[in-house]
Amino acid sequence: MITETSNLMAIFGIAITLSAYLSAIRLLAIQKMNEIPGDDPKAASKKWEIRKKLGWLTLADLPMVLSAFILGIYLLWNVLGFNQLWNKQFHQIDPLPWLLSTSLWLFLIAGTVMVLLHVVAWFKTCSELLKGNETTDKKAEVQVTTQKKETVVKLEAPESEIEVKESSSEVSET
């Protein structure tokens, strides 16, 4: 049964691991955002895109952290003596079923949000891969045409002066 202590400890470990994973992603995104130089509109746009992704990440991170915290309280309830403190104040209400169900629901919600975020990322990656060849070709054409400039190079020869125009490939001798 899932409510056995060994199974709950496994879920607790998974929740802590996933919380650490999400925290590491958050820290890397914040570092990347801080490395974007300047205050121009392009930099502000890039920073805003990272902030939006951090907001989506919070939808999975918050319930995961709360799930681990509440499940930890549930598992340590008797060991830390919370049962004695609780029973002195609230004789008729048992919080353990509420703690267990809340932590498991939060874990399920966080896991579902993580799955949905992964599916969205997979679809985005697949669509970029399918469109990527056309986009790359267009960018390459633009770069080639913008880098082509007309330059004049004058070479001095002992008897004559030679002028080379690279854009038209003409050579004239004077």
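A brief report on the enclosed structure follows. What you see is a predicted model, and the numbers here were worked out from it, not measured in a lab.

Structural notes on the packing of helix H1 (residues 5–35) against helix H2 (residues 41–76)
- The contact between H1 and H2 brings their axes to 8 Å, and the two run at 155°. By the criterion of interaxial angle, the relationship of H1 to H2 is roughly antiparallel. Our pair here, H1 against H2, has a crossing hand that is left-handed.
- Its residues assigned to classes, the contact of H1 with H2 comprises 22 nonpolar, four polar and five charged.

Remarks on a nonpolar patch on the surface
- Taken together, the side chains of Leu76, Val79 and Leu80 make up a nonpolar region of the molecular surface, amounting to roughly 300 Å² of accessible area.
- You can see Leu80 is positioned in the loop between H2 and helix H3 (82–89).
- Looking at Leu80, the relative accessible area reads 51%, which means it is exposed.

Here's the deal with the pattern of salt bridges
- Within the structure shown, the criterion is met by two salt bridges.
- Between Arg26 and Asp61 there is a salt bridge; the shortest N-O distance is 3.3 Å. One end of the pair, Arg26, is in helix H1; the other, Asp61, is in helix H2, and 35 residues separate them in sequence.
- Look at Arg26 and you get buried, because its relative accessible area is 19%.

Conventions we followed
- Residues numbered from 1 in each chain as written.
- Predicted model: local features only at pLDDT ≥ 70, side-chain atom pairs only at ≥ 80, totals over all residues.
- Heavy atoms only, no water.
- Axes fitted to C-alpha atoms, helices over the stretch in contact; angles between N-to-C directions.
- Helix = DSSP H or I, 4+ residues; strand = E, 2+ residues; numbered from the N terminus.
- Parallel < 35°, antiparallel > 145°, perpendicular 65-115°, else oblique.
- Left-handed = near helix turned anticlockwise from the far one by under 90°.
- Nonpolar A, V, L, I, M, F, W, Y, C, P; charged D, E, K, R; others polar.
- Patch = residues over 30% accessible without salt bridge, like charges linked within 9 Å, V, L, I, M, F, W, Y side chains within 5 Å.
- Areas by Shrake-Rupley, 256 points an atom, 1.4 Å probe, with all protein chains shown as cover.
- Salt bridge = Lys/Arg side-chain N within 4 Å of Asp/Glu carboxyl O.
- Buried < 20%, exposed > 50% of the residue type's maximum accessible area, 1.4 Å probe, protein only.

By themselves, these observations are geometric and do not establish any function.
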